[in-house]
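Structural overview
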Amino acid sequence: MTALPLGFGVSGTHGTPLVSRSSTIAMIERSFDLGVRLFDTAPAYGAGEAERRLGAAISAIGREKVRISTKAGLSSAGLARRIRDFSPGGIEASVTASLERLGVEGVDLLWLHGADGAELTGTLLDRLDALRRAGAFARLGAAGRGAELDAALDTGRFEALMAPVHPFLDEVESARLARAKALGLEVHAIETAGDAPSGVSAPRSAADLYKLAKVLRARLSGVSGRGRVSHADGLRAALARPEIDLALVTTTRPGHLVEAIEIAAAAARRADGRAGADPLNPA
């Protein structure tokens, strides 16, 4: 069967004390049991805590059984402070620290976390080539939301693209995805439900406090976005696009994870023309 086109993001509350380390590890292991093989994280998620949790889970699952992706260029300190450093030395230090936290010799995908065109210097790209030759990562990707992705595509040095993919994309965003696919890049979809803040609802768990804080912060800052659909509808729409190889989902709720697995399994069956397989027991 076609590989499940779904990755699990160890991000958001999974890098905070609102979710215990054991709960995060259990979600990663459950994702793996249900067929997920790519796990994404970043040093900016919980100041490296998300990477540590993924590393602990991978040590139990087995490194050879999964694909790991992490990011570089953006890190965090405290709840809100973000540190941006795309200098060659800063990127190398970030990658080295990430590998230590993950407990691995190298990752399958390294994403530059929102580098703009001016930051994509020849010196930086050459340093990344050296890190790749040393085994720090296998493939280089660009993660972002706008023109910084065009700058990355212009270099011809990237092999993967991570971008928002939802029903409200404009022509420029859609053309960018088509260009990436035409160039042979692996395209990962994020934020598939849309770019408008979600509705406000009473939190049912400590993890929900994180989501509520994000929604309130977005609304207070005047962010309106273009629209929003349910997570299920957004995921279905993203995986139906021919440019998309994989969509990322992050959740703390087992029921949401199972729903995403079922949607991704149906997309995989459509991709290989096979029907009737049990989505919870992928080949």
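Look up: the structure comes first, before these words.
A brief structural summary. All values reported here derive from a predicted model rather than from experimental measurement.

Examining the overall build of the protein
Helices and strands together make up the secondary structure of the protein, namely 9 helices and 10 strands. Residue burial in the protein is summarised as follows: out of 283 residues, 50% are buried. Put simply, 76% of the contacts in the protein that link residues at least 6 apart link residues at least 24 apart. Summing over all exposed atoms, the protein offers an accessible surface of approximately 12700 Å²; the carbon and sulfur share of this is 53%.

Quick look at helix H6 (residues 171-182)
For H6, which comprises 12 residues, the first-to-last C-alpha distance of 16 Å matches the rise-based estimate of 16 Å (1.5 Å per residue) to within 8%. Along H6, the residues that are buried comprise Glu173, Arg176, Leu177 and Ala180. Projected onto a plane normal to the axis of H6, the buried residues spread over an arc of 95° and lie on a single side. Relative to its buried face, H6 has exposed residues pointing more than 90 degrees away, namely Glu171, Val172 and Ala182. Contacts from the buried residues of H6 go to helix H5 (147-155), strand E8 (160-164) and strand E9 (186-190). Capping the start of H6 is the job of one residue whose side-chain oxygen sits 3.1 Å from the backbone nitrogen of valine 172: aspartate 170. Just downstream of H6 lies glycine 184, where phi reads positive at about 85°.

Focus on the nonpolar core
Soluble, globular proteins show a tendency: their nonpolar side chains are buried together. Among the nonpolar cores identified, the biggest contains 66 residues, and Leu6, Phe39, Leu112, Leu128 and Phe158 are the most heavily contacted of them. By residue number, the principal contributor to this core is helix H9 (residues 254-272), which donates 7 residues. Leaving out residues up to four positions away in the same chain, phenylalanine 39 has contacts with Phe8, Ile28, Ser31, Phe32, Leu54, Ile58, Val66, Arg67, Ile68 and Ser69. Of all hydrophobic cores here, the second largest spans 9 residues; its members include Ala143, Met162, Ile190 and Leu248.

Observations concerning the packing of aromatic side chains
The final tally for this structure, using the stated rule, is 1 aromatic pair. Here the guanidinium or amino end of arginine 37 rests over the ring plane of phenylalanine 32, the centre of that ring lying 4.0 Å away.

Here we look at the sheet that holds strand E1 (residues 6-9)
Strand order in the closed barrel formed by 8 strands is E1-E2-E3-E6-E7-E8-E9-E10, with parallel pairing between adjacent strands. Within the sheet, the average angular offset between the axes of one strand and its neighbour, ignoring direction, is 30°. Here strand E7 (residues 137-143) runs beside E8; their pairing, made up of 3 bridges, is parallel. Paired with alanine 142 across the two strands is leucine 161, which belongs to E8.

Let's talk about empty space enclosed by the protein
Evaluated as defined, the whole model comprises 2 cavities of 30 Å³ or more. In this structure, the largest cavity encloses a volume near 50 Å³. If you trace the largest cavity, you find it lined by Gly144, Arg145, Leu149, Ala163, Pro164, Leu169, Glu173, Arg176 and Leu177. If one sorts the elements of the lining of the largest cavity by residue count, H6 sits on top with 3 residues.

Side note on the side chain of serine 11
The residue serine 11 is located in the loop between E1 and helix H1 (21-33) in this model. Setting aside its immediate chain neighbours within four residues, serine 11 contacts Tyr45 and Thr250.

Here's the deal with the packing of H5 against H6
Where H5 contacts H6, the two axes come as close as 11 Å, and the packing angle between them is 20°. If you check the angle between H5 and H6, you find them roughly parallel. Relative to H6, the crossing made by H5 is left-handed. Contact with H5, carried on its side by Ala147, Leu149, Asp150, Leu153 and Asp154, involves Arg176, Arg179 and Ala180 of H6 and no other residues of that element. Tallied by class, residues from the contact of H5 with H6 come to 4 nonpolar, no polar and 4 charged.

Re the pattern of salt bridges
In the structure shown here, the tally under the stated rule is 22 salt bridges. For the salt bridge of glutamate 51 with arginine 101, the shortest nitrogen-to-oxygen distance reads 2.7 Å. One end of the pair, glutamate 51, is in helix H2 (residues 49-61); the other, arginine 101, is in helix H3 (residues 88-102), and 50 residues separate them in sequence. Judged by its relative accessible area of 0%, glutamate 51 is buried. It is possible to trace a salt-bridge network through shared partners that takes in Arg21, Glu49, Arg52 and Arg53.

Parameters at a glance
Along each chain, residue indices are assigned from 1 in the same order as the chain's sequence is written. Totals for whole chains, interfaces and linings use all residues, but because this is a predicted model, local features are given only for residues with pLDDT of at least 70 and pairs of side-chain atoms are given and counted only at 80 or more. No hydrogens and no water enter the side-chain calculation; it runs on all heavy atoms of the structure. Helix and strand assignments come from DSSP, with helices taken as H or I runs of at least 4 residues and strands as E runs of at least 2, each series counted from the N terminus. Note on classification: 1.4 Å probe, protein chains only; a residue is buried when its accessible area is under 20% of the maximum for its type, exposed when over 50%, partly exposed between these limits. Throughout, a residue-residue contact means that at least one pair of heavy atoms, one from each residue, lies within 4.5 Å. Note on areas: these come from Shrake-Rupley sampling with a 1.4 Å probe, and a residue is covered only by the protein chains present in the view. To estimate the expected span of a helix, count its residues, drop one, and scale the result by 1.5 Å. In this description, one arc is meant: the one made by directions from the helix axis to the C-beta atoms. A 3.5 Å cut-off defines polar contacts: any pair of N or O atoms within that distance qualifies, except that in protein one atom must be a possible hydrogen donor and the other a possible acceptor, and neighbouring residues in sequence count only when both atoms are side-chain atoms. Residues belong to one nonpolar core when they are buried, are Ala, Val, Leu, Ile, Met, Phe, Trp, Tyr or Cys, and are joined through side-chain atoms within 4.5 Å. Pairing of aromatic side chains here covers Phe, Tyr and the six-membered ring of Trp, requires ring centres within 6.5 Å, and sorts the geometry by plane angle: under 30 degrees stacked, over 60 edge-to-face, intermediate tilted. Look at NZ for Lys and CZ for Arg. If either is within 6 Å of the ring centre and within 35 degrees of the ring normal, a charge sits over the ring. Pairing between strands requires that DSSP locate at least two bridges from one strand to the other. For helices, the fitted axis covers only the stretch in contact; all axes are lines through C-alpha atoms, and the angles between them, taken along N-to-C directions, range from 0 to 180 degrees. Cavity means a closed set of points on a 1 Å grid over the protein atoms alone, one where a 1.4 Å probe fits but cannot get out, pocket means an open set with protein on both sides within 12 Å along at least 5 of 7 lines, and lining means a residue has an atom within 4 Å of a point. Grid points are joined across faces, edges and corners, and a volume is the space filled by probe spheres set on the points. Angle categories: roughly parallel below 35 degrees, roughly antiparallel above 145, roughly perpendicular from 65 to 115, and oblique for all the rest. Working rule for handedness: look at the near helix, and if it is turned counterclockwise from the far one by less than a right angle, call the crossing left-handed; if clockwise, right-handed. As a working rule, the residues Ala, Val, Leu, Ile, Met, Phe, Trp, Tyr, Cys and Pro are called nonpolar, Asp, Glu, Lys and Arg charged, and the rest polar, with Gly in that last group. Any carboxyl oxygen of Asp or Glu that lies within 4 Å of a side-chain nitrogen of Lys or Arg is treated as forming a salt bridge with it.

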